[in-house]
Amino acid sequence: MIFCPECKIAVDPEWTICPTCSILLDQTGGPTTRPVEEVERYASNLAWFYHLIPVITGLMALGIGDYLVTDSNPLLRTIFPPFCLIVGGWLGLILLGIISSYQSQP
Ligand SMILES: [Zn+2]
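Reference entry: report on the structure contained in this document.

Scoring rules and cut-offs
All residue numbers refer to position in the chain's written sequence, counted from 1. Owing to the predicted nature of the model, reporting of local features is limited to residues with pLDDT of at least 70; listing and counting of side-chain atom pairs is limited to 80 or more, with chain, interface and lining totals taken over all residues. Strands are runs of DSSP state E lasting at least two residues, helices are runs of H or I lasting at least four, and both sets are numbered from the N terminus onward. Partly exposed residues are those falling between the two cut-offs: more than 12 but fewer than 20 other C-beta atoms within 10 Å of their own, whereas 20 or more means buried and 12 or fewer means exposed, with C-beta atoms placed from the backbone. Here the axes come from fitting lines to C-alpha atoms, over the contacting stretch only for helices, and the angles between their N-to-C directions go from 0 to 180 degrees. Orientation labels follow simple angle bins: below 35 degrees gives roughly parallel, above 145 gives roughly antiparallel, 65 to 115 gives roughly perpendicular, and whatever is left gives oblique. Crossings are classed by handedness, with left-handed meaning an anticlockwise turn of the near helix from the far one by less than a right angle and right-handed meaning a clockwise turn. Three categories are distinguished: nonpolar for Ala, Val, Leu, Ile, Met, Phe, Trp, Tyr, Cys and Pro, charged for Asp, Glu, Lys and Arg, and polar for the others, with Gly belonging to the last. By the convention adopted here, residues make contact when the C-beta atoms placed from their backbones lie within 7 Å. Helix span, expected: 1.5 Å multiplied by one less than the number of residues in the helix. Taking the helix axis as origin, the arc is that swept by the directions to the C-beta atoms.

1. Some thoughts on the overall build of the chain
For step 1, the next point in the chain: Looking only at helices and strands, the chain features 2 helices and 2 strands.
For step 2, the next point in the chain: Listing every helix and strand of the chain by position from the N terminus yields β-β-α-α.
For step 3, the next point in the chain: A buried classification covers 8% of the 106 residues belonging to the chain.

Set out below in structure tokens:
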């Protein structure tokens, strides 16, 4: 974040003049001239089909969770399968991260 050196308000990087005190803002050597960093994507070193792992594990967990509560009360049948879907997808993401850490970087 850039601040005006005079009145210490936060200013937009594209502004050349402070809107409050009208002084010329110094644009040289500041963080504004730095190029935007490339966003690092999660497990970007793996092929696209590896990214289906969380989907598959989530759906598997959903199926298992649904099967486990077939004979239970309606509340449990409502809550437990989505919970399994979330946890299964999360475990799939962890698995994807582990696989990604073992693969060589491109
Ligand atoms: Zn100012």
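After presenting the structure, the write-up continues.
2. Some remarks on the packing of helix 1 (residues 53-68) against helix 2 (residues 74-102)
For step 1, the next point in the chain: One can describe the packing of helix 1 onto helix 2 by two numbers: an axis separation of 7 Å at closest approach and a directional angle of 150 degrees. Overall, the two elements helix 1 and helix 2 adopt an arrangement that is roughly antiparallel. You can see that helix 1 and helix 2 cross each other, and the crossing is right-handed.
For step 2, the next point in the chain: Partitioned by chemical class, the residues of the contact of helix 1 with helix 2 number 17 nonpolar, 6 polar and 1 charged.

3. Examining unusual backbone geometry
For step 1, the next point in the chain: The backbone of Lys-8 shows a phi angle near 65 degrees, a positive value even though the residue is not glycine.
For step 2, the next point in the chain: Within the fold, Lys-8 resides in the loop between strand 1 (2-3) and strand 2 (10-11).
For step 3, the next point in the chain: On the neighbour-count criterion, Lys-8 (10 C-beta atoms within 10 Å) is exposed.
For step 4, the next point in the chain: Phi at Ala-43 is positive, roughly 50 degrees, even though this residue is not glycine.
For step 5, the next point in the chain: Positionally, Ala-43 belongs in the loop between strand 2 and helix 1.
For step 6, the next point in the chain: A count of 18 C-beta atoms within 10 Å places Ala-43 in the partly exposed class.

4. What to know about the environment of Tyr-50
For step 1, the next point in the chain: By the secondary structure assignment, Tyr-50 is in the loop between strand 2 and helix 1.
For step 2, the next point in the chain: C-alpha of Tyr-50 to C-alpha of Ser-100: the two residues are 50 residues apart in sequence and 9.2 Å apart in space.
For step 3, the next point in the chain: Ignoring sequence-local partners within four residues, the contact set of Tyr-50 consists of Ala-43, Leu-96 and Ile-99.

5. Considerations on helix 1
Turn by turn, an α-helix covers 3.6 residues, leaving residues three or four places apart pointing in a common direction.
For step 1, the next point in the chain: With 16 residues, helix 1 ought to run about 22 Å at 1.5 Å a step, and its terminal C-alpha atoms sit 22 Å apart, in line with that.
For step 2, the next point in the chain: All of the buried residues along helix 1 are Thr-57, Gly-58, Ala-61 and Leu-62. One side of helix 1 holds all its buried residues, which, seen down the axis, span an arc of 140 degrees. Facing away from the buried side of helix 1 by over 90 degrees, the exposed positions are Val-55, Ile-64 and Tyr-67.
For step 3, the next point in the chain: Against helix 2 lie the buried residues of helix 1.

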